[in-house]
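# Working through the structure, step by step
Chain by chain, the residues:
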Amino acid sequence: MPELPEVETVCRGLSAVLEGRCIVRATVRRPDLRIPFPQGFEGRIRGRMVCRIRRRAKYILLDLDDGNVLIIHLGMSGRMVITKNAGPPEVHDHVLLTTEGGIEVRYNDPRRFGLMTIAPQKGLDNHRLFHHLGVDPLSTAFTASSFSQNLAGRKTAIKLALLDQRIVAGVGNIYACESLHRAGISPRRKAGMISGKRVAALVRSIKDVLTEAIAAGGSSLRDHVQPSGELGYFQHSWKVYGRAGESCSCSAGKAMAGSIKRIAQGGRSTFYCTQCQT
Ligand SMILES: [Zn+2]
């Protein structure tokens, strides 16, 4: 599933070809993805200029010149593919956007858990997709003090708090595991019981891990491909995710093989080091 760095990577790739350009044709090749396309979808996009592309949690937002926003979520397997003079659409190419200049952006999604809809820019924070979302981890509003306040009194495990979209929006499973490892915090620790100093370290780790992953072009996992068709490669930097049974970097030179464990939390896999995460 594309996580925040992958979605940010897609946003940047799309910005390069769509911002400031007019969409001269929109073609929808089926009635729905996870939810139906809104009525008149093709006509509402046709002729619109894309003023700006931005991200909210794991949503891609295209600000159009009529005051509306085209909202895109990649779901489990959605990809945006940028093409020029491409052949006929493939079976899972569900939406085609053609710009002036003949560049085509194709939304391809074999499993169709993604979505596309249109909403007014005004009041977007109150839209049903966004009203519950907490702060973006890369925004300046996500600070040690705001996060500490938010975690105070919470008895849930910190790993689950990081995945709670109402607390912080878009961290995702891989980056929650990696950030906790970097901060040296056990994923099982009660969220409200972590000292302010360690929360500050966690906030820093989250921002750093996400920023590094974006710089690496997002992790290429299953179906994620950058719009340019390149694969991201941050997975080579994972320290704990997917590495159960391996020894952690903290045990270099010591005989502590197998210090990375996998446990289940909230139905998701957590990977962590039993030695350096406390
Ligand atoms: Zn370790």
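Conventions adopted
- Residues numbered from 1 in each chain as written.
- Predicted model: local features only at pLDDT ≥ 70, side-chain atom pairs only at ≥ 80, totals over all residues.
- Helix = DSSP H or I, 4+ residues; strand = E, 2+ residues; numbered from the N terminus.
- Rg over C-alpha atoms; globule rule 2.2 N^0.38 Å.
- Buried ≥ 20, exposed ≤ 12 C-beta atoms within 10 Å, placed from the backbone.
- Axes fitted to C-alpha atoms, helices over the stretch in contact; angles between N-to-C directions.
- Parallel < 35°, antiparallel > 145°, perpendicular 65-115°, else oblique.
- Left-handed = near helix turned anticlockwise from the far one by under 90°.
- Contact = placed C-beta atoms within 7 Å.
- Pairing = 2+ DSSP bridges.
- Expected span 1.5 Å × (residues − 1).
- Core = buried A, V, L, I, M, F, W, Y, C linked by C-beta atoms within 7 Å.
- Domains from an automatic or database assignment.
- Nonpolar A, V, L, I, M, F, W, Y, C, P; charged D, E, K, R; others polar.

## So, the overall build of the protein chain
Counting its secondary structure elements, the protein chain contains 6 helices and 10 strands. Relative to the globule expectation of 19 Å for 278 residues, the C-alpha radius of gyration of the protein chain, 20 Å, shows essentially globular dimensions. Its C-alpha atoms give the protein chain principal-axis dimensions of about 60 × 35 × 30 Å. Out of the 278 residues in the protein chain, the part that is buried amounts to 36%.

## A closer look at the packing of helix α5 (residues 172-183) against helix α6 (residues 196-215)
With their axes 8 Å apart at the nearest point, α5 and α6 run at an angle of 130° to one another. One element, α5, and the other, α6, form an angle in the oblique class. Regarding α5 and α6, the two cross each other, and that crossing is right-handed. For the pair α5 and α6, the contacting residues are Tyr175, Glu178, Ser179, Arg182 and Ala183 in the first and Arg198, Ala201, Leu202, Ser205, Ile206, Val209, Leu210 and Ala213 in the second.

## Here's the deal with the sheet that holds strand β6 (residues 93-99)
Read across the open sheet, the 4 strands follow the order β1-β6-β7-β5; overall the sheet is antiparallel. On the outer flanks of this sheet lie β1 (23-28) and β5 (79-84), each paired with one strand and no other. The average undirected angle you get between the axes of adjacent strands in this sheet is 20°. Bridge analysis of β5 against strand β7 (residues 103-108) gives 6 bridges, and the strand direction is antiparallel. Paired with Arg79 across the two strands is Asn108, which belongs to β7.

## Some thoughts on α6
Counting along an α-helix, one turn takes 3.6 residues, and residues three or four places apart therefore face a common direction. The terminal C-alpha atoms of α6, which comprises 20 residues, lie 29 Å apart, in line with the 28 Å expected from a rise of 1.5 Å per residue. Packing partners of the buried residues in α6 comprise α1 (4-18), α3 (144-151) and α5.

## Re the nonpolar core
Soluble globular proteins tend to pack their nonpolar side chains together in the buried interior. Counting residues in hydrophobic clusters, the biggest one holds 62 residues, and the most contacted among them are Leu14, Ile60, Leu62, Val171, Tyr175 and Cys177. In terms of residues, this core owes the most to one element, α6, which gives 8 residues.

## Quick look at the environment of Arg106
Position of Arg106 relative to the elements: it lies in strand β7. For the pair formed by Arg106 and Gly75, sequence separation is 31 residues and the distance between their alpha carbons is 15 Å. Filtering out sequence-adjacent residues up to four positions away, Arg106 remains in contact with Val81, Thr83, Pro89, Asp93 and Leu96.

## Some words on the domain arrangement of the protein chain
In terms of domain boundaries, the protein chain breaks down into domain 1 (4-126) and domain 2 (144-273). Between the C-alpha centres of domain 1 and domain 2 there is a distance of 29 Å.

## Focus: the sheet that holds strand β3 (residues 59-64)
Read across the open sheet, the 4 strands follow the order β2-β3-β4-β8; overall the sheet is antiparallel. Lying at the two open borders of the sheet, with one neighbouring strand each, are β2 (50-56) and β8 (115-120). For this sheet, the mean inter-axis angle between neighbouring strands, taken without regard to orientation, is 20°. Relative to strand β4 (residues 68-73), β3 is paired through 5 bridges, and the arrangement is antiparallel. In the sheet register, Leu61 faces β4, and the bridge partner there is Ile71. Where α1 meets the sheet, it contacts β2 and β3, and its direction lies at approximately 175° from that of β2.

## Quick look at the packing of α3 against α6
A pair of packed helices is captured by two measures, namely the crossing angle of their axes and the spacing between those axes. Direction vectors running N to C along α3 and α6 enclose 115°, while the axes themselves pass 9 Å from each other. Of the two elements, α3 crosses α6, and the hand of that crossing is right-handed. Contacts between α3 and α6 involve Ala144, Phe147, Ser148 and Leu151 from the former and Gly196, Val199, Ala200 and Val203 from the latter. Considered class by class, the residues forming the contact of α3 with α6 number 6 nonpolar, 2 polar and no charged.

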